[in-house]
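# Report on the structure
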Amino acid sequence: MGRSCLLLLICGLSLLAQTNTGELRLTVKDPSGAALGAEAELINSVARSRVAVNVAPNGKYTFKNLAPGVYRLTLIGSGFQPFTELVAIHSELPVLRNITLSLQPQQSTVNVEASDTLLDPERTNSAQTIGSQQIAERPAGSPGRGLIDLITTQPGWTLEANGILHPRESEYDVQYVVNGFPLQENRSPAFLQPAEAENVTSLTTYAAGIPAEFGNKLGGVVEINTTRNTSAGFHGTATVSGGSFGTANGYLSGQWVRRKTTITVSSESFLTDRFLDPPTQENFTNHASSAAFHATVEHDFSDANRLGASASHAQTGLLVPNDLLQQASGQRQDRRNSEDEGRIWYQHVFSRNLLASLRGSVRDVSASLWSNPLSTPILAEQNRGFREEYINGSLSGHKGHHDWKAGAEFRYASLREQFGYRIDAYQLNGEPVFDPAVPATFDFRQQHPDREAAGYGQDTWHLRDLTVSAGLRFDHYSLLVNAAGWSPRLSASWLSRRTGTILHASYDRTFGTPPFENILVSAAAQSRLGLGLYLPLKPSRGNYYEGGITQALGHKLRLDTNYFLREVDNFEDDDLLLNTAISFPIAFRHARVRGTEVKLDVPTWGRFSGFASYANTTGIARYPITGGLFLDDDAGNLLALHDQFPISQDQRNVAHARVRYQLHPRLWTAWSASYTSGLPIEGDEFPSTELLLAQFGTAVVNRVN
């Protein structure tokens, strides 16, 4: 391990850094060439992103962590003519702008048109960016779901129970990238500390046309950029909120900037009596509390060298909601999730056309479950987690019409799992819930290393109104199986300036690694208990296709329409252990997901803004099973089946809408609506109606078709 890390550090200039954010470095002068302070505003109307700052008297300011897109920059200096221009951010390379403000008459105005940033001619996919204004004005929701609720307003992103994201019906396949660091495990509220929105300035979602630098979890990628204010002095934020079910939230952040050093410290916490989605109309045993702390130090040694480090701790304690029978018996199930992480990053700018970066992190993640003696029909206990060491870096360059990037990454993790149970009721209300052959007790403890490595290269070139992006990625995976795969990626777009139309198409080959969650207990020979079967979980391999049209309508509206098709082998799914919030990964031979997505955006129309979106998706999976642990007597029959069935997270029709109206420069109102058509279930998977009524109640059972 030590030699590998040393080798990667020495070769850091050829390593991978997973970040698509950029920055804009301003230098403002007066006509004599002297430094000049000014008011600066950077706007992306479609993403609802706006940053307004005061440029210091030295005339310098850096906008950091900018999501890809086209921005409108406006500078206003007292006694000078206002300056405005469009700035495109499409790579890590800093965009340098030396701007001289001209003297002007006493009266002047500057008009900023939303249509200036309505289209991004260099975007080759259906990626959607949510900016600072949308994040700040998001509707209040359940604790831990601020960002999740925002993501699901994008077409193609839906929810299963307990805040589990499903991009285009993928399970276990969401990757978060926070300030360039990938997080590939399940980040839903029930499993790990959820990402909060208070310190986020933008997020971008990818479901197709995915750059080759992203790998492993590619059902959907969520790239999150946190706030970076480079104005000198102290900046602070405090937020307190509350609601029904005894809900209270608190967030406190302070940032201190002195010369070229930035120190940021923040903490957040919440308390609620309705955290997870209860299985009944009643809300039993649903208490949760959470606390998190983050600290970051970043120093620019020069315009060419930047070094940063951060540390964080987060912990959540929650109760698993009971059904009616469990509540009557007095069941209590406690979960504890925690995460500790340290990060370090370094960036060197060789020239305005070449940049290198190196990143590393160490994380320790744990999740535990405890059941009291009154739990029924099973007393389950769990303590699992992993320690991960990660390093990556990259070279990013620009030459002529080309923006390119190349590198590699390395991940080393040590998994630990402890799982046990005691069955206290093989039947409920006279209905069997466990096979009589399943032993009444079970105990499992094991550790196992995971080693993963990848390399990639990608290039985007711009030929007038045509943009083409091509990349190739290689992944090697070694946990319980050894596997490797090549992943070509290709996307292109063409702009018709006369009609304001962008046509785009993409192809992504994916190599998806199995989830960490309970993978060891699913694989161990002693887990089979003498019945059922086990098949080792292998990486999934998919082909993603997408084609779409973006159309500007009357300089005020933007219409996005996409059609996609996904073909995936070894399609990942999960199998929940009754009502314990413990799930086990499984896989099926093949899945096909296809759909159409439409979004109408109104960035600004007078005092109005908003959007409306609709997605129609169909997901069909096919037997036989190809991975996971199955304890049924007839589990062997699953190897001979070739039937098709709806994917369990299949949402056929989903619609969202939001309208915002500016009542006054400091007062606005917004209204939103959502519709989902529901998840598919199969009746033969469930016991009798009498048992369902006893467990979940009439109000829930009557809603099942």
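Residues numbered from 1 in each chain as written. Predicted model: local features only at pLDDT ≥ 70, side-chain atom pairs only at ≥ 80, totals over all residues. Heavy atoms only, no water.

### Section: the overall build of the protein chain
A tally of helices and strands in the protein chain yields seven helices and 37 strands. For the protein chain, whose C-alpha radius of gyration is 26 Å, the value lies close to the compact-globule estimate of 27 Å for 705 residues. If you line up the protein chain on its principal axes, its C-alpha atoms span 90 × 60 × 50 Å. Burial statistics for the protein chain: of 705 residues in total, 55% are counted as buried. Of the contacts made within the protein chain by residues no fewer than 6 positions apart, 68% connect residues no fewer than 24 positions apart. Looking at the protein chain, you have 60 positive and 70 negative side-chain charges, and the mean spots of the two groups are 9 Å apart. (Helix = DSSP H or I, 4+ residues; strand = E, 2+ residues; numbered from the N terminus. Rg over C-alpha atoms; globule rule 2.2 N^0.38 Å. Buried < 20%, exposed > 50% of the residue type's maximum accessible area, 1.4 Å probe, protein only. Contact = heavy atoms within 4.5 Å. Lys, Arg positive; Asp, Glu negative; His and termini not counted. Charge placed at Lys NZ, Arg CZ, Asp CG, Glu CD.)

### Here we look at the confidence of the model for the protein chain
Scored by pLDDT, the protein chain comes out at a mean of 87, with 92% of its residues at no less than 70. Within the model, the stretch residues 1-18 combines pLDDT values under 50 with 56 contacts to residues more than four positions away or in other chains. (pLDDT = per-residue confidence, 0-100.)

### Overview of the nonpolar core
Core analysis: the largest hydrophobic core is formed by 32 residues, its most contacted members being L415, F419, Y421 and I582. Of all the elements in the fold, those that place two or more residues in this core are β21 (354-371), β22 (378-399), β23 (402-423), β26 (441-463), α5 (519-523) and β33 (583-605). Those residues in contact with I582 that lie beyond four places of it in its chain are R335, L369, A380, Q382, F419, N518, D575, L576 and L577. Grouped together as the second largest cluster of nonpolar side chains are 21 residues, L26, A38, L42 and L66 included. (Core = buried A, V, L, I, M, F, W, Y, C linked by side-chain atoms within 4.5 Å.)

### As for unusual backbone geometry
Working note: non-glycine residues mostly have negative phi, and peptide bonds are mostly trans. Cis geometry is adopted by the peptide bond preceding P377, which originates at T376 and carries an omega value of 0°. Along the chain, P377 turns up in the loop between β21 and β22. Look at N65: it is not a glycine, yet its phi comes out positive at around 55°. Of note, N65 is situated in strand β4 (residues 60-66). Phi is positive for N518, close to 60°, though the residue is something other than glycine.

### Thoughts on the pattern of salt bridges
Considering all chains together, one arrives at 37 salt bridges under this definition. Across the pair E185 and R187 runs a salt bridge whose closest N-O atoms are separated by 2.6 Å. An identical accessibility class is assigned to E185 and R187; each is buried. A salt bridge links E517 to R384, with the nearest nitrogen and oxygen atoms 3.9 Å apart. You can see E517 sitting in the loop between β29 (501-512) and α5 and its partner R384 sitting in strand β22, a full 133 residues away along the chain. Across the pair, R384 and E517 agree in class, each one buried. Where salt bridges share partners, they join E185, R187, E339, R363, E388, R411 and E452 into one cluster. (Salt bridge = Lys/Arg side-chain N within 4 Å of Asp/Glu carboxyl O.)

### Some remarks on the sheet that holds strand β2 (residues 38-44)
What the four strands build is an open sheet, ordered β3-β2-β5-β6; its pairing is antiparallel. If you trace the sheet from one side to the other, it starts and ends with β3 (49-55) and β6 (83-89), each paired once. Ignoring which end each strand starts from, the neighbouring axes of this sheet average 20° apart. The sheet contact formed by β2 and β3 spans seven bridges and is antiparallel. Of the residues in β3, the one forming a bridge with E41 is A52. (Pairing = 2+ DSSP bridges. Axes fitted to C-alpha atoms, helices over the stretch in contact; angles between N-to-C directions.)

### Things to note about the environment of L75
If you trace the backbone, L75 turns up in strand β5 (residues 69-76). For the pair L75 and E409, spaced 334 residues apart in the sequence, the C-alpha separation amounts to 40 Å.

### Side note on the sheet that holds strand β12 (residues 181-183)
Strands sit in the order β8-β13-β14-β11-β12 across an open sheet of five strands; the sheet is mixed. On the outer flanks of this sheet lie β8 (128-130) and β12, each paired with one strand and no other. Ignoring strand direction, the axes of neighbouring strands in this sheet form an average angle of 20°.

### Regarding the pairing of strand β36 (residues 653-664)
As judged from the nine bridges shared by strand β34 (residues 608-630) and β36, these two strands associate in the antiparallel manner. Residue pairing for β36: G610 is matched across the bridge by V659. Bridge analysis of β36 against strand β37 (residues 667-676) gives 10 bridges, and the strand direction is antiparallel. By the bridge assignment, A655 is partnered in β37 with Y675. Counted along the chain from β36 to the antiparallel partner β37, the turn is two residues long.

### Focus: the pairing of β5
Burial runs high along β5: seven of the eight residues are buried. When β2 meets β5, the two strands line up antiparallel, connected through five bridges. Counterpart to L42 in the pairing with β5 is L73. Bridge count between β5 and β6: seven bridges; the pairing is antiparallel. In the strand pairing of β6, T74 is matched with T84. Hairpin geometry of β5 and β6 is characterised by an intervening segment of six residues between the two adjacent antiparallel strands and by a positive phi of about 85° at G79.

### What to know about the environment of G678
Its location among the elements puts G678 in the loop between β37 and α6 (689-696). Separated by 29 residues in sequence, G678 and Q649 place their C-alpha atoms 8.9 Å apart. Once residues lying within four places of it in the same chain are set aside, the contact partners of G678 are D650 and Q651.

### Focus: a nonpolar patch on the surface
On the surface, F234, W256, I263, V265, F293 and V297 cluster together into a nonpolar patch covering about 550 Å² of accessible area. Elements with a contribution of two residues or more to the nonpolar patch: β17 (261-272) and β18 (288-300). Mapped onto the fold, V297 is located in strand β18. Judged by its relative accessible area of 41%, V297 falls in the partly exposed class. (Patch = residues over 30% accessible without salt bridge, like charges linked within 9 Å, V, L, I, M, F, W, Y side chains within 5 Å. Areas by Shrake-Rupley, 256 points an atom, 1.4 Å probe, with all protein chains shown as cover.)

### Focus on the side chain of R306
Relative to the helices and strands, R306 resides in strand β19 (residues 305-319). A polar contact is formed between the side chain of R306 and the side chain of E23, at a distance of 2.8 Å. With residues up to four places along the chain from it excluded, the contact list for R306 reads E23, R25, K64, E298, H299, D300, W345, Y346 and Q347. (Polar contact = N/O pair within 3.5 Å; in protein donor to acceptor, adjacent residues only side chain to side chain.)

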